[in-house]
Amino acid sequence: MEPTTITLVPHTHWDREWYEPFSVFSELLVTMMDELIALGEAGFPHFHLDGQTAMIDDYLAQRPERATAIRDLARAGRLSVGPWVAQMDEFLASGESHIRNLEMGLARAREIAGDQALDVGYMPDQFGHIGQMPQILRMGGLHHAMVWRGVPAEITSSVFRWRAPDGSEILTEYMVFGYFNGESFEQAADPAALAEAVSQSVESMRPFMAGDRVVIMVGADHAVPDASLPGRLAGASDLLPRTQVSISGIASHIHGQEVGDVPSWQGELRSSARAHLLPNVYSARVHQKRERGRVEDLIERYAEPLAALVPGFGSPQAEFDRAWTLLLLNGAHDSACGCSHDQVALDVDGRFAEVRTIGEDIVERALTSLGSRISEAGVIRFNPSPFERDGVPGLGYAVTPSGHEPQTVPVAIDVTEAGVTADGVQIQLFDEPDVGDLYTYCYAEEGQRPSPPRSVTVSGHEVTAEWDGLRVLFRIVRHGGEDFMRLEGVIHNERPDHRLRLHIVLPEPATGSLAGSPFELVKRPLQGEGSDLEAPSSTWPARGVAMAGSIAVLHEGVFEYEIVDGGALAVTMLRSVGIISRDVLATRPFDAGPGVLTPLAQMLGETAFAIGVLPNAAADQLLPARERFALPLAEAPASGGGMLPSRASLMEIAGDAQLSNVRQRGSAVQVRLWNHRTEPLRVELAGVPRTLGGAKIETFSLD
């Protein structure tokens, strides 16, 4: 097919922090943006700002006087703005985080650019894409996306229809050769060389073309504008017969694209057929994965619901805006994945600490306020789940005379060669060398076998497992009324370059798994799709839950799991590596970034963990069990003396819908529910019957 329209999109892919901390990259950003504004005001046609408004706000924090210049260029169509705040990793951020990323990004983009705000879900470098992203984009009013990594070999077209589990569909542009397929244009010093470079880029895309239009992304990581491109293109256009070549934005290309019968794909995109998927970022700096889940829950399920529902409290919106901004910035793919400079990791920890302080303070204030409105004094307990727990109504409270300590049920623990059995469930620990990097696990020798502990001891419900330079101490308890066991403890690590995993032996072999993902329980095979770029991976990310056969694992955040030889559900507890990227690995023959040393990523010292093990599990148990495991009832003193009853629901939700969030938005209380089943679900919200479609995310506003 002969192309008739070629769109060149000058751009930069701006990692806010990566192999250098934000303090370094922000100075480069100021230099780049200063130059870009000057070029734009001199007539440069268009520049794409990577789909994220954080770039603009970071710049304006240092150059506030340039706000009008940016607004004028954006409204004239010379700068693309939005739709995201940040380019977040999709598997490490909660579903609610994705909705806020789009909501806040679009609002800021429209504030700056008006009706010129970018309306394409531009996602150039995420390490795969969640299955519900098409529905999230459609909820934000977007109908198109643009992606690179994760697209499977089955998709052989530059455009495909991507469907979420609920059937929501978006037309998706596939950047087959990445967001840098025009990176070489800067070296094309004259019109003839540029014409040749354009021709070569088009020729490489020809087997994938879905129509007669081609988009070429002219830029790369932290690229600066190429001021000479328009002049060279003016001369090159005459050397490209039967084509129209222009510098413009991705929206003009996508909205002008006419496609007919193109392939379709439903669900998540987790293939390394044509690009690195980099699957082991989910076990890099594991403490941050756990903490992200905990602080997301703190804001989404405690602070915002209490602020919205406690009578007379009032929503502290400025504090929530700050918390959400920090969460979204920490969600940026290099920040969230932990595949960055050690100073970046410290900065991420600092942002989480600030979010935690904000959230805990709001929860304490809200519960104290509620406790003063209740007739009875004592200890007020708040249940963040939509169903009753421990005598506390769903999304409600109860006052007790004193605090509550959960009753424990005895667990029979016996030592085995590689671990213990706990109430008949085999729990094993294995450690092995890892000569990979922050992106990718790699064995030291082909065929290596992991090592069990040299010793395992049990004292009551306390277990100690030891290797040379490595010790794991944990207790195994079961609380009354819970079907799962809790494994809570600490890892003492004194050795670099290894991987520690927990294995739960399956009663029967498994042929796949079911795992939590934003707004979804997703079925997966034992192994993903690989290529000569990256070995097929058997490890997967799970949000809060993963199940194989009749065994499930529960977690507070996102964790990495694998079904080992079909016979055990393995969870990566610690991966110790000391470099961002190595040039060549047996599991990945090309580098994925710079070789910056990261001694803190060796995870020397203590790392706390908490894991739930649910035997005899069924799919419908997983999400309620995770609620009980990861979302404890909150407590605060209640002074009493008010008129409210000592036990009540603040908002009744009847049915099996999953709760994402409750918040105050304007004058209304907004409730977001989702259906993990494929068939429709009937629920009652505040006494009003509602229907949730299969796999649907629904937002309800209550006056």
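What counts and how
- Residues numbered from 1 in each chain as written.
- Predicted model: local features only at pLDDT ≥ 70, side-chain atom pairs only at ≥ 80, totals over all residues.
- Heavy atoms only, no water.
- Helix = DSSP H or I, 4+ residues; strand = E, 2+ residues; numbered from the N terminus.
- Rg over C-alpha atoms; globule rule 2.2 N^0.38 Å.
- Buried < 20%, exposed > 50% of the residue type's maximum accessible area, 1.4 Å probe, protein only.
- Contact = heavy atoms within 4.5 Å.
- Areas by Shrake-Rupley, 256 points an atom, 1.4 Å probe, with all protein chains shown as cover.
- Salt bridge = Lys/Arg side-chain N within 4 Å of Asp/Glu carboxyl O.
- Core = buried A, V, L, I, M, F, W, Y, C linked by side-chain atoms within 4.5 Å.
- Polar contact = N/O pair within 3.5 Å; in protein donor to acceptor, adjacent residues only side chain to side chain.
- Axes fitted to C-alpha atoms, helices over the stretch in contact; angles between N-to-C directions.
- Parallel < 35°, antiparallel > 145°, perpendicular 65-115°, else oblique.
- Nonpolar A, V, L, I, M, F, W, Y, C, P; charged D, E, K, R; others polar.
- Pairing = 2+ DSSP bridges.
- Phe/Tyr/Trp six-rings, centres within 6.5 Å; stacked < 30°, edge-to-face > 60°.
- Lys NZ or Arg CZ within 6 Å of the ring centre and 35° of its normal.

Here's the deal with the overall build of the protein
Counting its secondary structure elements, the protein contains 13 helices and 35 strands. Relative to a compact globule of 703 residues, whose C-alpha radius of gyration would be 27 Å, the protein shows 26 Å and is just as compact. If you line up the protein on its principal axes, its C-alpha atoms span 80 × 65 × 45 Å. Within the span of the protein, comprising 703 residues, buried residues form 61% of the whole. Expressed as a percentage of contacts within the protein between residues at least 6 apart in sequence, the contacts between residues at least 24 apart total 73%. In the form shown here, the protein has an accessible surface area of approximately 25,300 Å², with 50% of it arising from carbon and sulfur atoms.

Looking at the pattern of salt bridges
With the rule as written, the count across this model stands at 45 salt bridges. Arginine 677 is paired through a salt bridge with glutamate 679; the nearest N and O atoms lie 4.0 Å apart. For glutamate 679, a relative accessible area of 40% puts it in the partly exposed group. One salt-bridge network, in which partners are shared between bridges, spans Glu96, Arg100, Glu304 and Arg672.

With respect to the nonpolar core
The biggest cluster of nonpolar side chains holds 103 residues, and the ones touching the most others in it are Leu8, Ile70, Leu137, Ile216, Tyr439 and Leu622. Here this core gets eight residues from one element, more than from any other, and that element is helix H1 (residues 22–41). Formed by 59 residues, the second largest nonpolar core is a distinct cluster that contains Leu328, Ala648, Val683 and Leu702.

Brief notes about unusual backbone geometry
Between glycine 82 and the following residue, proline 83, the backbone shows a cis peptide bond with an omega angle of 10°. In this fold, proline 83 is placed in the loop between strand S3 (79–80) and helix H4 (95–113). Located in the positive-phi region is histidine 222, a residue other than glycine, with phi close to 55°. Using a relative accessible area of 14% as the deciding quantity, one classes histidine 222 as buried. Phi is positive for aspartate 423, close to 50°, though the residue is something other than glycine. Among the structural elements, aspartate 423 can be located in the loop between strand S15 (419–422) and strand S16 (425–433).

Regarding the side chain of arginine 301
Relative to the assigned elements, arginine 301 resides in helix H9 (residues 286–309). Taking relative accessible area as the criterion, arginine 301 reaches 5% and is therefore assigned buried. Polar side-chain contacts of arginine 301 include one of 2.9 Å to the backbone oxygen of proline 384. One polar contact links the side chain of arginine 301 to the main-chain carbonyl oxygen of leucine 659, over a distance of 3.4 Å. In this view, arginine 301 contacts Glu296, Phe382, Pro384, Ser385, Pro386, Glu627, Leu631, Leu659 and Ser660; residues no more than four positions away in its chain are not counted.

A few points about the packing of helix H6 (residues 191–205) against helix H7 (residues 229–236)
Interhelical geometry of H6 versus H7 gives an angle of 80° and a closest axis separation of 8 Å. What the angle tells us is that H6 and H7 run roughly perpendicular. Contact with H6, carried on its side by Pro191, Leu194 and Ala195, involves Leu229, Arg232, Leu233, Gly235 and Ala236 of H7 and no other residues of that element. The residue makeup of the contact of H6 with H7, split by class, is six nonpolar, one polar and one charged.

Describing the pairing of strand S27 (residues 605–614)
Regular strands place their side chains on alternate faces of the sheet. With seven of 10 residues buried, S27 is to be regarded as a mostly interior element. Relative to S27, strand S20 (residues 485–493) runs antiparallel, the two being bridged by nine bridges. Note on S27: the bridge partner recorded for asparagine 493 is glycine 605. Relative to S27, strand S25 (residues 551–564) is paired through three bridges, and the arrangement is antiparallel. Pairing of valine 553 across the sheet is with valine 613, part of S27.

Structural notes on the side chain of histidine 676
Along the polypeptide, histidine 676 turns up in the loop between strand S32 (668–674) and strand S33 (681–685). Only 3.3 Å separates the side chain of histidine 676 from the side chain of aspartate 620, close enough to count as a polar contact. Beyond its immediate stretch of four places on either side in the chain, histidine 676 contacts Leu521, Asp620, Leu623, Asp656 and Gln658.

Some remarks on the sheet that holds strand S30 (residues 653–654)
Read from one edge of the open sheet, three strands run S30-S33-S34, paired in antiparallel fashion. Only two strands of the sheet have a single neighbouring strand rather than two, namely S30 and strand S34 (688–692). One ladder, built from two bridges, connects S30 with S33; its direction is antiparallel. Across the sheet, alanine 654 pairs through a bridge with glutamate 684, a residue of S33.

Here's the deal with the pairing of S20
Counted residue by residue, S20 has seven buried out of nine residues, so it is predominantly covered. Bridging between strand S19 (residues 470–479) and S20 involves eight bridges; their strand directions are antiparallel. Counted as the bridge partner of leucine 470 is asparagine 493 from S20.

Here's the deal with the sheet that holds strand S11 (residues 378–383)
Sheets are built from strands paired through backbone hydrogen bonds, the pairs being either parallel or antiparallel. Spatially, the four strands line up as an open sheet ordered S28-S11-S12-S29, and their pairing is antiparallel. Two strands bound the open sheet, and with one partner strand each, they are strand S28 (634–638) and strand S29 (647–649). Going from strand to strand, the sheet's axes swing by 20° on average, the running direction of each strand aside. Relative to S28, S11 runs antiparallel, the two sharing five bridges. Residue pairing for S28: glycine 378 is matched across the bridge by alanine 638.

Observations concerning the packing of aromatic side chains
For the structure on display, the rule yields 13 aromatic pairs. Ring centres of phenylalanine 91 and tyrosine 282 lie 6.3 Å apart, and the angle between their planes is 80°; this geometry places the pair in the edge-to-face category. Of this pair, phenylalanine 91 sits in the loop between S3 and H4 while tyrosine 282 sits in the loop between strand S10 (264–266) and H9, and the two are 191 residues apart along the sequence. On the basis of relative accessible area, phenylalanine 91 is assigned to the buried category, the value being 3%. Seen from their ring centres, tyrosine 302 and phenylalanine 382 are 6.4 Å apart, and the 65° between their planes marks the pair as edge-to-face. With tyrosine 302 in helix H9 and phenylalanine 382 in strand S11, the pair connects residues that are 80 residues apart, well separated along the chain. For the pair shown, tyrosine 302 and phenylalanine 382 are each scored as buried. Grouping aromatic residues by their ring pairs yields a cluster made of Trp18, Tyr19 and Phe25. The cationic tip of arginine 16 hangs over the ring face of phenylalanine 22; the distance from NZ or CZ to the ring centre is 4.0 Å.

Concerning the environment of arginine 588
Tracing the backbone through its elements, the reader meets arginine 588 in the loop between strand S26 (568–576) and S27. In the structure, arginine 588 is positioned 55 residues away from leucine 533 in sequence and 6.2 Å away in space, judged by C-alpha atoms. Look past the residues within four positions of arginine 588 in its chain and what remains in contact with it is His276, Leu278, Asp437, Tyr439, Thr440, Leu533, Glu534, Ser581 and Arg582.

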